[in-house]
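# Topology and contacts: notes
Listed below are the residues making up each chain.
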Number of protein chains: 2
Amino acid sequence: MAHLECSVCGKKFELSYLTEGHYVCDVDEANLNFIHDYEAIAKDVRENGLNREQKNNMFRYSAFLPVDSSKLAERAPAVPVGGTPLVSAPRLAKELGIPSCNLWLKDDSKNPTGSLKDRASSLLVVRMQEDGAPVITTASTGNAGAALAGMCASTPVRQKAYIFVPKTAPAAKIAQLQIFGAEVILVDGTYDDAFALCLEASSKHGWYCRNTGYNAYTAEGKKTVSLEMCEQLAHGGQFGCVHHAQFVAPDYVAVSVGDGNIITGVYKGLRDLYKAGLIEKMPKLVGVNSDKSNWCATAWKKNLTPAEMLTMEPVEANTRADSISAGIARDGINAVQAIRDTQGCFVEVDDDSILAHIKTVSQATGVFPEPAAACAAAGITKLASKGYFEGGSTVVAVMTGTGIKDIPAAVSVCGEPFVLKRREDGQFHLEDFMQ
Amino acid sequence: MAHLECSVCGKKFELSYLTEGHYVCDVDEANLNFIHDYEAIAKDVRENGLNREQKNNMFRYSAFLPVDSSKLAERAPAVPVGGTPLVSAPRLAKELGIPSCNLWLKDDSKNPTGSLKDRASSLLVVRMQEDGAPVITTASTGNAGAALAGMCASTPVRQKAYIFVPKTAPAAKIAQLQIFGAEVILVDGTYDDAFALCLEASSKHGWYCRNTGYNAYTAEGKKTVSLEMCEQLAHGGQFGCVHHAQFVAPDYVAVSVGDGNIITGVYKGLRDLYKAGLIEKMPKLVGVNSDKSNWCATAWKKNLTPAEMLTMEPVEANTRADSISAGIARDGINAVQAIRDTQGCFVEVDDDSILAHIKTVSQATGVFPEPAAACAAAGITKLASKGYFEGGSTVVAVMTGTGIKDIPAAVSVCGEPFVLKRREDGQFHLEDFMQ
Ligand SMILES: Cc1ncc(COP(=O)(O)O)c(C=O)c1O
Ligand SMILES: Cc1ncc(COP(=O)(O)O)c(C=O)c1O
């Protein structure tokens, strides 16, 4: 039967524990994980296929999701979340040093507000309505907040959100919060400060708290990225027919890691499929940390147990890749366990490599990633140089957010373009450009 | 039989005229229009459905497009262009003053580089390969260039592009050109200057010229937005099955207008469907001009003939909505004729209304448009206040580009967000925000 389980002590809870306003384990305050009834999912998918009313968005997979699927038409955002492209990238495979692999980009920058975070926020705005919560709140490095603001604006009945972000977040992400009409609190501090303030506000005002990892539904929403990539791999990159769902697992999935909630979601989606007998193997997960925000890689290298990670000190977090700058990885325990369970690895890359890969990915594919997304490609390059990837294997790199939100990052690797001016004769002369 | 026809004098040309390096009519230098063999299209679609190999992008409709569909796997961009959401927008319908209409947003900001221009550029990069052109060039207010740069980066064999944009284009659009690896020439002048320079470069160096309107294929690519919206309207907003194509026309389509090439494309897509017997009526087209760049609205109000429009003076073009700032509408003749043919209208809106509608659209739908896209919504508001739209009708507003490329525009209507600072005790106090 479906239930919740503590990510550290393993204590089990009924699903009602969450709807009663609890978020974390009452013993050790660790994050909870959803454990589904995999036989029920398998049976549902085999007999009914996927959700045809919602076929162009992530609720296509409502059989795997903790939502009342009969009410989605009234509660889900009108903008389609998910259904993002899986882009074949043979030229990029060469650039990254894995020419013999089948490299795909799962382009989640094409989500409504430009990042994978829309998947969590979409599920959460449905849940808040199911649970009758009038207000939702989150802390965010920027994307999660933009996603929540956008989803709250897009539901049939508009939802109210309070969002805490560090003042240093890119201007585009802050502007998104505002344009979608959320209440914005710019915190003159770090993401960790914003996180603490959000928890305080949530408990003081009774607001529903969407904080990454802390709310178990975030990973449940994000896991749809894995359901999609496996369905797309079964059909040469396209989605199949809702009546006969088919899935094929890749060999590796590379994901950038800050809080570790995305990679936890990626893992959950794969594990759901595997436990339901819908894929035949688990891929190896590759978690890519910035070396200037490496909580997860550190815990993994030290081989810490979940209980040890619970009391691990924060790391310094000051990477240019703002979305993955997190002193404490709020879903780090799950992330490290996911890497262990799949015999994958963590790898650390530096900011120069992250920025350089924005250009590499853009020029080889037409997908323009933000720094935190390019980070996944940088990790592949680093591992490829050590011969990590087996030849002929299928590799998916998740592009978690769009580069258009961070123009200064792109400009920093491109330099200034040529400006053609009028000469003294008042005319433009093409030769001034072409020499 | 398929052929080309001059938009002013009606002179007919064989298709080979284009592949031989001509762009415009040899009599009056006016733009050419593609005239398809509608019976052949109808037969093809009835017998074979849509293109199933390309079902998740605009080449799904290759039956309607002047491309060799057997070679698309080798030539089309890997990132999917088109297949964008049609978003039901009942809350926005109320805000705009048409509560009894079925309002939909065709959200073309979800294209790979964030604008509808990807549709033209995608077709053009396929054509340049078909025609064996080694280099392509375009002038652009920003989006068309970003689209061309992105598409050139995304084809299986990378294509080379030179792009002329006014130096005043938004930073995000310029950064896109660079990150995708195009050769960028920032022109210290207007879009009209860039246009002239691009024509000169094209003829001097033999580069293939993608200039909007001037190249007849641009409207052919853009017309796919209409094929999509009609297919989606036939299936409650979703795409149907490629084996049994079905289409339903809306009653009105509202589009913002600068050069008039997008609305020309919208018209062509609808007319193709109508002439092929695949929709039962032509919708009324609503062209929305900024009052600070109103070439088309002016020509329409003055009731000028095509020949008169050919020699019409430029208007002043200095709207804040940079994408529709064009002193000469480069496809204005076709645009005005499209409005006449569908018994639609042009409407002019001011910049304040354009900017205000960025927020209105964002908060009512979760779709965040750039100024030039919000312009279409502003036009609906203005016409609605005069009782233009018949109650109960279906209205589609095309959201032509994403707001995330123009953050200053969004900020100008949102104001500064609240900043929470530490007090002298070194702590944050929530009360400082909530009072
Ligand atoms: C674009 C992008 N990439 C990667 C991440 C990392 O996800 P997580 O913090 O869950 O590890 C984030 C999170 O903010 C993100 O926005
Ligand atoms: C976002 C956006 N909207 C509208 C337009 C207007 O299209 P056209 O110039 O073909 O009328 C453009 C053209 O650049 C655009 O980029």
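The rules behind the values
- Residues numbered from 1 in each chain as written.
- Chains lettered and ligands numbered in written order.
- Predicted model: local features only at pLDDT ≥ 70, side-chain atom pairs only at ≥ 80, totals over all residues.
- Heavy atoms only, no water.
- UniProt positions renumbered as here; feature names shortened; annotations may be inferred.
- Helix = DSSP H or I, 4+ residues; strand = E, 2+ residues; numbered from the N terminus.
- Rg over C-alpha atoms; globule rule 2.2 N^0.38 Å.
- Buried < 20%, exposed > 50% of the residue type's maximum accessible area, 1.4 Å probe, protein only.
- Contact = heavy atoms within 4.5 Å.
- Areas by Shrake-Rupley, 256 points an atom, 1.4 Å probe, with all protein chains shown as cover.
- Lys, Arg positive; Asp, Glu negative; His and termini not counted.
- Charge placed at Lys NZ, Arg CZ, Asp CG, Glu CD.
- Phe/Tyr/Trp six-rings, centres within 6.5 Å; stacked < 30°, edge-to-face > 60°.
- Pairing = 2+ DSSP bridges.
- Axes fitted to C-alpha atoms, helices over the stretch in contact; angles between N-to-C directions.

Per an unreviewed UniProt entry, chain A goes by the name Threonine synthase and belongs to Carpediemonas membranifera. UniProt's Cofactor (unreviewed entry) comment on chain A is quoted here verbatim: "pyridoxal 5'-phosphate".

Another aspect to go through is the overall build of chain A. What chain A contains, in helices and strands, is 18 helices and 14 strands. In terms of C-alpha radius of gyration, chain A reaches 21 Å, essentially the compact-globule figure of 22 Å for 435 residues. Considered along the principal axes of its C-alpha atoms, chain A spans approximately 80 × 50 × 45 Å. Counting the 435 residues in chain A, one finds 66% classified as buried. Within chain A, counting contacts between residues at least 6 apart in sequence, those at least 24 apart form 70% of the total. Of the roughly 14,800 Å² of accessible surface on chain A, 48% is carried by carbon and sulfur atoms. Averaging the positions of the 42 positive and the 50 negative side-chain charges in chain A gives two centres separated by 3 Å.

Turning next to the packing of aromatic side chains. All names here are of chain A. Throughout the structure, instances matching the rule amount to 32 aromatic pairs over all chains. When the centroid spacing of 6.5 Å and the interplanar angle of 70° are considered together, the rings of Tyr61 and Phe64 count as edge-to-face. Take Tyr61 and Phe64: they sit in the same class, and that class is buried. For the pair Tyr61 and Phe247, a centre-to-centre distance of 6.4 Å together with 50° between the ring planes defines the contact as tilted.

Residues and elements named next belong to chain B. Taking strand neighbours across the sheet as the criterion, the six strands line up as 4-5-13-10-11-12 in an open arrangement whose pairing is mixed. A single partner strand is all that each edge strand has here, and the edge strands are strand 4 (86-88) and strand 12 (345-349). Averaged over all adjacent pairs, the angle separating strand axes in this sheet is 25°, with direction ignored. Pairing of strand 10 (residues 252-256) with strand 11 (residues 284-290), which is carried by five bridges, proceeds in the parallel orientation. Note on strand 11: the bridge partner recorded for Ala254 is Val286. Across the sheet, helix 11 (residues 261-275) touches strand 10 and strand 11, and the angle it forms with strand 11 is around 175°. Packed on one face of the sheet, helix 16 (residues 371-384) meets strand 5 (102-107), strand 10, strand 11, strand 12 and strand 13 (394-399) and runs near 105° to strand 12.

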